[in-house]
Amino acid sequence: MQRYWIAVAHRKQALAAASAGVVAVSHGKEAPLRKLSTGDGGIYYAPKSDFEGETVQAFVALARVTGADTSERTMPGSPFRPFGRDAESQKIIETPLRPMLEDLGFVRSPRHRGMAFLRPFFEIENADYQHSTAAMGDKA
């Protein structure tokens with residue numbers, strides 16, 4: 001059964017993972033990756049551009065898990081070696097979260113939208129995934 005998830009990461013980290021062809025979540029931890037199955041779809045949400053960067057609050061990358069094994073990976077332009085799984089990234093249009101708030105079931109209160117993204121990695125319903133990817137320009 002295909003599942004869908006959101007990973008919260010700074011834009012720089014999300015784009016590095018996408019360019020490396022991997023899925024990396026929860027600050028590089030291995031355990032959350034074990035919840036994924038080949039074929040699962042994931043969306044990266046970036047609250048900021050980098051640790052000290054500007055506010056982004058947008059969906060910035062889209063990936064489909066292609067590998068079954070986890071291992072430490074090298075990230076382009078960084079000494080950081082997170083655990084990751086092979087994934088294919090898809091070209092998308094970076095999409096601000098704010099206009100979509102009312103339509104996403106995992107956002108319980110649009111006024112307190114930040115609460116939904118306090119978790120670094122969480123599963124979402126198919127309807128939320130389809131709505132989000134359609135806004136991002138993907139027909140997944």
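The structure presented is a predicted model; accordingly, all values stated were derived computationally and were not measured.

How each quantity is defined
- Residues numbered from 1 in each chain as written.
- Predicted model: local features only at pLDDT ≥ 70, side-chain atom pairs only at ≥ 80, totals over all residues.
- Heavy atoms only, no water.
- Salt bridge = Lys/Arg side-chain N within 4 Å of Asp/Glu carboxyl O.
- Helix = DSSP H or I, 4+ residues; strand = E, 2+ residues; numbered from the N terminus.
- Core = buried A, V, L, I, M, F, W, Y, C linked by side-chain atoms within 4.5 Å.
- Buried < 20%, exposed > 50% of the residue type's maximum accessible area, 1.4 Å probe, protein only.
- Contact = heavy atoms within 4.5 Å.
- Pairing = 2+ DSSP bridges.
- Phe/Tyr/Trp six-rings, centres within 6.5 Å; stacked < 30°, edge-to-face > 60°.
- Lys NZ or Arg CZ within 6 Å of the ring centre and 35° of its normal.

Asker: Whenever I open this one, the pattern of salt bridges confuses me. Can you help?
Answerer: Any two side chains of opposite charge can pair, so long as their charged atoms come close to each other. Inspection of every chain in the model, using the stated rule, returns five salt bridges. Put simply, Glu 123 and Arg 3 hold a salt bridge, and the shortest N to O gap is 3.0 Å. Of the two residues, Glu 123 sits in strand E8 (residues 121-124) while Arg 3 sits in the segment before strand E1 (4-8), which places them 120 residues apart along the sequence. We note a salt bridge from Asp 86 to Arg 73, for which the minimum N-O separation is 2.7 Å. Placement of Asp 86 in strand E6 (residues 83-90) and of Arg 73 in the loop between strand E5 (71-72) and E6 is noted, with a sequence separation of 13 residues between them.

Asker: What should I look at first to understand the nonpolar core in this one?
Answerer: Within soluble globular proteins, side chains that are nonpolar generally end up buried alongside one another. Among the nonpolar cores identified, the biggest contains 22 residues, and Trp 5, Val 23, Val 25, Leu 36, Tyr 44 and Val 60 are the most heavily contacted of them. For this core, the elements supplying multiple residues, two or more each, are E1, helix H1 (11-20), strand E2 (22-23), strand E3 (41-48) and strand E4 (55-65). Looking at this core, the element that brings in the most residues is E4, giving six residues. The residues contacting Trp 5, other than those within four sequence positions of it, are Val 23, Val 25, Leu 36, Asp 40, Gly 41, Gly 42, Ile 43, Val 65, Phe 121, Phe 122, Glu 123 and Ile 124. Formed by 19 residues, the second largest nonpolar core is a distinct cluster that contains Tyr 4, Ile 6, Tyr 45 and Leu 62.

Asker: Which parts of the structure should I look at to understand the pairing of E3?
Answerer: In the case of a regular strand, side chains alternate between the two sheet surfaces. In terms of burial, E3 is a largely internal element, six of the eight residues being buried. Of the pairings in the sheet, the one linking E1 to E3 comprises five bridges and is parallel in character. Following the sheet pairing, Ala 7 is matched in E3 by Tyr 44. Note: E3 against E4, seven bridges, orientation antiparallel. When the bridges of E4 are listed, Ile 43 appears paired with Leu 62.

Asker: It is not clear to me how the packing of aromatic side chains should be interpreted in this structure. Could you clarify?
Answerer: Any pair of aromatic rings gets described here by the distance separating the centres and the angle formed by the planes. Under the definition given, this model contains eight aromatic pairs. A connected cluster of aromatic rings, assembled from ring pairs, spans Tyr 45, Phe 59, Phe 106, Phe 117 and Phe 122. Note that Arg 119 overlies the ring of Phe 122, its terminal NZ or CZ placed 4.0 Å from the centroid.

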